[in-house]
Amino acid sequence: MIWRKLKAACLHSLTVAWSYALAVTGMVFQAIDSIGDALGDPGLRDQLTAAIGDTRTVGRILLGISLITLIARLRSLRKGA
């Protein structure tokens, strides 16, 4: 039952689902300071910064990729209809 709702929310497209996953990941990276404080690990941002670079920049890049992917897929879905 939940899979049908999830599939419908993604317009029956794996590309749209991937775009949503990138958007959520980007939002998590941008809010990593708050998440680290909530988990009781104020050094979480420093650990991630050492591993992947600036978390806010990575979050913005992922959100941008997500937006471009979503726009391209929705455009191709509209042309096919």
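Everything that follows concerns the structure shown earlier in this document.
Numbers given to residues run from 1 along each chain, matching the order in which its sequence is written. For this predicted model, a pLDDT threshold of at least 70 governs which residues receive local features, and a threshold of 80 or more governs which side-chain atom pairs are given and counted, while totals over whole chains, interfaces and linings are taken from all residues. Side-chain metrics rest on all non-hydrogen atoms present in the structure, leaving aside hydrogens and water.

**Side note on the overall build of the protein**
To qualify as a helix, a DSSP run of H or I must reach at least 4 residues; to qualify as a strand, a run of E must reach at least 2; elements of each kind are numbered from the N terminus. Assigned secondary structure in the protein consists of five helices and zero strands. Computed over its C-alpha atoms, the radius of gyration of the protein comes to 16 Å, more than 25% above the 12 Å expected for a compact globule of 81 residues. Seen through its principal axes, the protein has C-alpha atoms that stretch 50 × 30 × 15 Å. Classification of the 81 residues of the protein by burial places 19% in the buried group. Residue pairs at least 24 apart in sequence account for 58% of intrachain contacts in the protein once pairs closer than 6 positions are excluded. In these tables, accessible area is a Shrake-Rupley quantity obtained with a 1.4 Å probe, and a residue counts as shielded only by the protein chains included in the view. Counting only carbon and sulfur atoms, one obtains 67% of the accessible surface of the protein, whose full area is about 5900 Å². Atoms counted for the radius of gyration: C-alpha only. Globule rule: 2.2 Å times residue count to the power 0.38. When accessible area is computed with a 1.4 Å probe and restricted to protein chains, residues below 20% of their type maximum are described as buried, those above 50% as exposed, and intermediate ones as partly exposed. Contacts are residue-level and defined by heavy atoms, with any inter-residue pair within 4.5 Å sufficient.

**What about the pattern of salt bridges?**
What makes a salt bridge here is a side-chain nitrogen of Lys or Arg within 4 Å of a carboxyl oxygen of Asp or Glu, nothing more. Counted according to the given criterion, the structure contains three salt bridges. The salt bridge involving Asp33 is made with Arg45; its shortest N-O contact spans 3.6 Å. Residue Asp33 is found in helix α3 (residues 32–39), and its partner Arg45 is found in helix α4 (residues 44–52); the two are separated by twelve residues along the sequence. Across the pair Asp33 and Arg56 runs a salt bridge whose closest N-O atoms are separated by 3.6 Å.

**Quick word on the environment of Leu62**
In this structure, Leu62 sits in helix α5 (residues 55–80). Separated by 49 residues in the primary sequence, Leu62 and Ser13 place their C-alpha atoms 19 Å from one another. Apart from the residues within four sequence positions on either side, Leu62 is in contact with Leu22, Thr25, Gly26 and Phe29.

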